[in-house]
Amino acid sequence: MKNLFRKIILFWNQERSLNVVLVILALYIFVFVPLLSINRWGQILIRITYSLLLVAAILSVARNKKYVYLIGFWAVLSLIINWFEEFEKTQAVLFAQDVGAIFFNLCFAAVLLVKTFSGGEITYHRILGAIIVMLVTGLIFSYAFHAIYLLEGKNSFNNIADADLKEFIYFSFTTLTTVGYGDITPVAPLARSFANLETLIGQLYPAILIARLVSMEFEASSKKKNSQ
């Protein structure tokens, strides 16, 4: 039992633990929320998946205590509200869930960006971290648009009839990738501002990311040559 526990700790202390985070995140965004929110059992599975995502995010940064404290606070708060929502689906609870999720994902994305752009060689797991940040960014805006919908009402977006999160995830990622099908459009001024901001991030992030990673790889290769 002790050996198993040590292996688990060792796994989460390594960068390859990001593989697990990416799988859970992708399942949550692209499979469970869009396809399983139509019935109660599907919603429970979505909540379980979200809870696993919170736990995985904390464990993936467990080597650094200050990161654990930063992410852990918002993760625990978001986890409590997420399950409380199962029994109390008021607008206030839904809005609190959005706010908690936004701050948790912002902190998690910031930690991953720090780790991704820290000095050293460019590895597969750094690139993986950058991909996770992109997905988390789309999720942050999904919750932001959902919160705006709760505050402004149905007139804040065209062609969104209810407050189902899957609608806002779909809109967020079509905006982030600048696809813009036009089937859902923001109407409220705040929603439009966030949509513009997300589009800007969707264009600049990959360009800046690639340029920075190439620069870091060039610097690491130059240091290796000079040391030989």
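Within each chain, residue numbers correspond to sequence positions counted from 1 in written order. Local features in this predicted model are restricted to residues of pLDDT 70 or higher, and side-chain atom pairs are both shown and tallied only at a pLDDT of 80 or more, whereas totals for entire chains, interfaces and linings draw on every residue. Water and hydrogen atoms were dropped before computing side-chain values, which therefore reflect all heavy atoms in the structure.

**Q** If you had to explain the overall build of the protein to someone new, which residues and values would you point to?
**A** Broken down by element type, the protein carries eight helices and two strands. In this description a helix means any DSSP run of H or I spanning at least four residues, a strand means any run of E spanning at least two, and both kinds are numbered starting from the N terminus. Listing each helix as α and each strand as β along the protein from the N terminus yields α-α-α-α-α-α-β-α-β-α. Only protein chains enter the calculation, and the probe is 1.4 Å; a residue is then buried if its accessible area is under 20% of its type maximum, exposed if over 50%, and partly exposed in between. For the protein, the proportion of its 228 residues judged to be buried stands at 43%. Put simply, 69% of the contacts in the protein that link residues at least 6 apart link residues at least 24 apart. Within the structure as shown, the protein displays about 12400 Å² of accessible surface, and the carbon and sulfur contribution to it stands at 68%. Whether two residues are in contact is decided by their heavy atoms, any of which lying within 4.5 Å being enough. For accessible areas, the Shrake-Rupley method is used with a probe of radius 1.4 Å. Any residue's cover is judged against the shown protein chains and nothing else.

**Q** Run through the packing of helix α5 (residues 91-116) against helix α6 (residues 124-152), naming residues and quoting values.
**A** Axes are the key here: two packed helices are described by the angle between their axes and the distance separating the axes. Where α5 meets α6, the axes come as close as 9 Å, and the angle between the chain directions of the two elements is 160°. Classified by the interaxial angle, the pair formed by α5 and α6 is roughly antiparallel. Like other packed secondary-structure pairs, α5 and α6 cross with a definite hand, here left-handed. Tallied by class, the residues present in the contact of α5 with α6 amount to 20 nonpolar, six polar and three charged. Simply put, an axis is a line fit to the C-alpha atoms, just over the touching stretch for a helix, and the angle between two N-to-C directions goes from 0 to 180 degrees. Roughly parallel covers angles under 35 degrees, roughly antiparallel covers those over 145, roughly perpendicular covers 65 to 115, and oblique covers all other angles. A clockwise turn of the near helix away from the far one marks a right-handed crossing, whereas an anticlockwise turn of less than a right angle marks a left-handed crossing. Residues are grouped as follows: Ala, Val, Leu, Ile, Met, Phe, Trp, Tyr, Cys and Pro are nonpolar; Asp, Glu, Lys and Arg are charged; every other residue, Gly included, is polar.

**Q** So what's going on with the pattern of salt bridges? Residues and values would help.
**A** When a carboxyl oxygen of Asp or Glu lies within 4 Å of a side-chain nitrogen of Lys or Arg, that pair is called a salt bridge. If you walk through the whole model with that rule in mind, you get three salt bridges. Here Arg40 ties to Glu86 by a salt bridge, and the two come within 2.7 Å at their closest N and O atoms. Linking Arg40 in helix α3 (residues 40-60) with Glu86 in the loop between α4 (65-84) and α5, this pair joins segments that are 46 residues apart in sequence. The partly exposed category is assigned to Arg40, whose relative accessible area is 49%.

**Q** If you had to explain the packing of aromatic side chains to someone new, which residues and values would you point to?
**A** Stacked, edge-to-face and tilted labels apply to pairs of Phe, Tyr and Trp rings (six-membered ring for Trp) whose centres lie within 6.5 Å, assigned for plane angles under 30 degrees, over 60, and everything in between, in that order. According to the stated counting rule, one finds 13 aromatic pairs in the structure shown. Taking 5.3 Å as the distance between ring centres and 65° as the angle between the ring planes, the aromatic pair formed by Tyr149 and Phe168 counts as edge-to-face. Highlighted residues: Tyr149 in helix α6 and Phe168 in helix α7 (residues 165-176), separated in sequence by 19 residues. Given a relative accessible area of 0%, Phe168 falls into the buried group. For the pair Phe157 and Phe168, a centre-to-centre distance of 5.7 Å together with 80° between the ring planes defines the contact as edge-to-face. Highlighted residues: Phe157 in strand β1 (residues 157-158) and Phe168 in helix α7, separated in sequence by 11 residues. By the ring-pair criterion, three or more aromatic residues cluster together here, those being Phe141, Phe145, Tyr149, Phe157, Phe168, Phe171 and Phe194.

**Q** Talk me through a nonpolar patch on the surface; I want residue IDs and the actual numbers.
**A** Grouping into patches uses exposed residues only, defined as over 30% relative accessible area, and leaves out salt-bridged ones; the cut-off is 9 Å for like charges and 5 Å for nonpolar side chains (Val, Leu, Ile, Met, Phe, Trp, Tyr). A cluster of nonpolar side chains, namely Val23, Leu27, Phe30, Val31 and Leu35, defines an oily patch on the protein surface of about 420 Å² accessible area. Turning to its location among the elements, Leu27 is positioned in helix α2 (residues 18-36). Leu27 sits in the partly exposed class, given a relative accessible area of 33%.

Geometric descriptors of this kind do not, in isolation, establish any biological role.
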